[in-house]
Amino acid sequence: MTEVTPPALNGYRAPPSPAISFEFFPPKTEEMERNLWDTIKRLAPLCPNFVSVTYGAGGSTRERTHATIARILNETELLPAAHLTCVGAARGEIDDIVDRYHDVGVRHIVALRGDPPGGIGTPYFTHPDGYQSSAELVAGIRKRYGDIEISVSAYPEKHPESRDIDADIDILKAKVDAGAARAITQVFFDNDLYFRYLDRVRRRGIDIPIVPGIMPMHNFKQARNFVTRAGTSVPNWLAEKFEGLDNDPETRKLVAATVAAGQVQKLAKHGVDTFHFYTMNRADLVFAISHLLGIRPNGAQKAA
């Protein structure tokens, strides 16, 4: 998606704006449905590479995920990527879901192992007749449909259940060998973690894009509880920026936008040209950060 910017009259070629993608989650209520579609309408003119829709633990949001994906296909020109996990379902059931997605026009799946049905920190177990790992799921999708692009997850601070970072990269390598075309990282707040991880991944011969996952923290305390359970560390300097703002949502929003914008601009200056935003179904901060990256509605883009 990244545009090649033509040279200016003086011969200077401005750098292209980064490519972006957005993650949404399927709504539970009519009000959440309206909010999601307001968000999609606000962000769609930024022309993301794709938009992904999450899939709850154990397939708990399966039908809502499918309905959201179908509506995106029918009512927008966005390219949807459907999340799919292999928790608690037999292979045949998962294969049927892939068939349904392919039938309605989905050509991009984010293939994940998935969290335990009881939530992060509870025992994980696979279905006896199911895909036993995310790498197996990737291979299963690839075997059925060669025209489906597959993205997977990556963990700059390792998955909470991995023995160490090398074992974690072994898992990523298996997913790439099975056919993954892109990895999207878990949230991180220290850019050095991403670059160190990227160095290790490249030394292992993994050459697919490792796209940084960025989460603007609309509600710091709530977001911190969520991301730390998933293995992300929250630096003290970041926590200090939100001190005293528990009852001041407007200032929290300004601080969150400033922090996330600073993070992506620093990544961009070091050559990162693609970002994936965990939107939490909110458009305001993501739109502002995209603007600061030089991304304008409907392709009218300027250099960051």
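Residues numbered from 1 in each chain as written. Predicted model: local features only at pLDDT ≥ 70, side-chain atom pairs only at ≥ 80, totals over all residues. Heavy atoms only, no water.

**Remarks on the overall build of the protein chain**
Our working rule: Here a helix means four or more residues in a row that DSSP labels H or I, a strand means two or more in a row labelled E, and each is numbered from the N terminus. Burial status follows relative accessibility: with a 1.4 Å probe on protein chains alone, a residue under 20% of its type maximum counts as buried, one over 50% as exposed, and anything between as partly exposed. Between two residues, a contact is recorded if the distance between any of their heavy atoms is within 4.5 Å. For the area figures, the Shrake-Rupley method with a 1.4 Å probe applies, and any residue is considered shielded solely by the protein chains shown.
When helices and strands are counted, the protein chain shows 10 helices and nine strands. The 304 residues of the protein chain split such that 51% are buried. Of all intrachain contacts in the protein chain linking residues separated by at least 6 positions in sequence, the fraction that spans at least 24 positions is 75%. Split by element, the accessible area of the protein chain, about 14,500 Å² in all, is 51% carbon and sulfur.

**Here's the deal with the confidence of the model for the protein chain**
Our working rule: The predictor attaches a confidence to each residue, called pLDDT, with possible values from 0 through 100.
Residues with a pLDDT of 70 or more make up 89% of the protein chain, whose mean pLDDT is 89. Counting contacts from residues 1-14, a segment whose pLDDT is below 50, to residues more than four positions away or on other chains yields 24 contacts.

**With respect to the sheet that holds strand S1 (residues 19-24)**
What counts, and what does not: What makes two strands pair is DSSP finding at least two bridges between them. Only the contacting stretch of a helix is used when fitting its axis, a line to C-alpha atoms as for every element, and angles between N-to-C directions run 0 to 180 degrees.
One open sheet accounts for nine strands, arranged S7-S6-S5-S4-S3-S2-S1-S9-S8; its pairing is parallel. At either end of the open sheet lies a strand with only one pairing partner, and these are strand S7 (210-211) and strand S8 (213-214). Across two bridges, the pairing between strand S6 (residues 182-185) and S7 is parallel. Counterpart to Ile184 in the pairing with S7 is Val211. Taken strand by strand, helix H5 (residues 165-178) contacts strand S5 (149-154), S6 and S7, and its axis lies near 180 degrees from that of S5.

**A few points about the pairing of strand S9 (residues 274-278)**
Within S9, five of the five residues are buried, which leaves the element mostly enclosed by the surrounding structure. Neither face of S9 is exposed, since Thr274, His276 and Tyr278 on one face and Phe275 and Phe277 on the opposite face are all buried. The pairing of S1 with S9 spans five bridges and is classified as parallel. Across the sheet, Ile20 pairs through a bridge with Phe275, a residue of S9. Relative to S9, S8 runs parallel, the two being bridged by two bridges. In the strand pairing of S9, Ile214 is matched with Phe277.

**Considerations on the nonpolar core**
So the rule is basically this: What makes a nonpolar core is a set of buried Ala, Val, Leu, Ile, Met, Phe, Trp, Tyr and Cys residues whose side-chain atoms join them at distances within 4.5 Å.
Core analysis: the biggest nonpolar cluster contains 63 residues, and Phe22, Leu84, Ile141, Leu172, Ile210 and Phe277 have the highest contact counts within it. Looking at this core, the element that brings in the most residues is H5, giving five residues. Within the second largest apolar cluster, 24 residues are counted, among which are Phe220, Val234, Ala257 and Leu285.

**A closer look at helix H6 (residues 191-203)**
Heads up, the condition is: Each helix should span, by expectation, one fewer than its residue count multiplied by 1.5 Å. What the arc describes is the spread of directions from the helix axis to the C-beta atoms. We call two N or O atoms a polar contact when they sit within 3.5 Å, provided that within protein one can donate a hydrogen and the other can accept it, with sequence-adjacent residues counted only if both atoms are side-chain atoms.
Between its first and last C-alpha atoms H6 spans 19 Å; for 13 residues at 1.5 Å apiece the expected length is 18 Å, and the two agree. Of the residues making up H6, those classed as buried are Asn191, Leu193, Tyr194, Tyr197, Leu198 and Val201. Each buried residue of H6 sits inside an arc of 150 degrees when the element is viewed along its axis, so together they form one side. Residues of H6 that are buried sit in contact with S5, H5, S6, S7 and helix H9 (249-269). Where H6 starts, the residue carrying a side-chain oxygen 2.9 Å from the main-chain nitrogen of Asp192 turns out to be Asp190. Gly205 lies just past H6 and shows a positive phi near 85 degrees.

**Re the pairing of S1**
In regular strands, side chains alternate between the two faces of the sheet. Condition: For the handedness criterion, the strands are oriented away from the viewer, and a crossover whose path from the first strand over the helix to the second runs clockwise is classed as right-handed.
With respect to burial, S1 is a largely interior element, six of its six residues being buried. Two elements, S1 and strand S2 (residues 51-53), share three bridges in a ladder whose sense is parallel. If you follow Glu23 over to S2, its bridge partner there is Ser52. Handedness of the crossover joining S1 and S2 through helix H1 (residues 30-43): right-handed.

**Notes on the pattern of salt bridges**
Counted only if it meets this: Whenever a carboxyl oxygen of Asp or Glu lies within 4 Å of a side-chain nitrogen of Lys or Arg, that contact is scored as a salt bridge.
Inspection of the entire model under this criterion finds 17 salt bridges. Among the salt bridges present, the one from Lys253 reaches Asp284, with a minimum N-O distance of 3.5 Å. One end of the pair, Lys253, is in helix H9; the other, Asp284, is in helix H10 (residues 284-292), and 31 residues separate them in sequence. Here the salt bridges share partners, and the residues they tie into one network are Glu33, Arg71 and Glu75.

**A word on helix H4 (residues 134-144)**
Those residues of H4 that fall on the buried side of the exposure criterion are Ser134, Ala135, Leu137, Val138, Gly140 and Ile141. Next to the buried residues of H4 lie strand S3 (80-85), helix H3 (91-104), strand S4 (108-112), S5 and H5.

**Some points on the packing of H3 against H4**
Defined as follows: Here is the rule for angles: anything less than 35 degrees is roughly parallel, anything more than 145 is roughly antiparallel, 65 through 115 is roughly perpendicular, and the remaining ranges are oblique. If you view the pair so one helix is near and one far, a crossing is left-handed when the near helix is turned anticlockwise from the far one by less than a right angle, and right-handed when it is turned clockwise.
Between H3 and H4, the shortest axis-to-axis distance is 11 Å and the interhelical angle comes to 50 degrees. By the angle between their directions, the pair H3 and H4 is classed as oblique. Once H3 is placed against H4, the crossing between them reads as right-handed. Judged by residue contacts, Arg91, Ile94, Asp95, Val98 and Asp99 of H3 engage Glu136, Leu137, Ile141 and Arg144 from H4.

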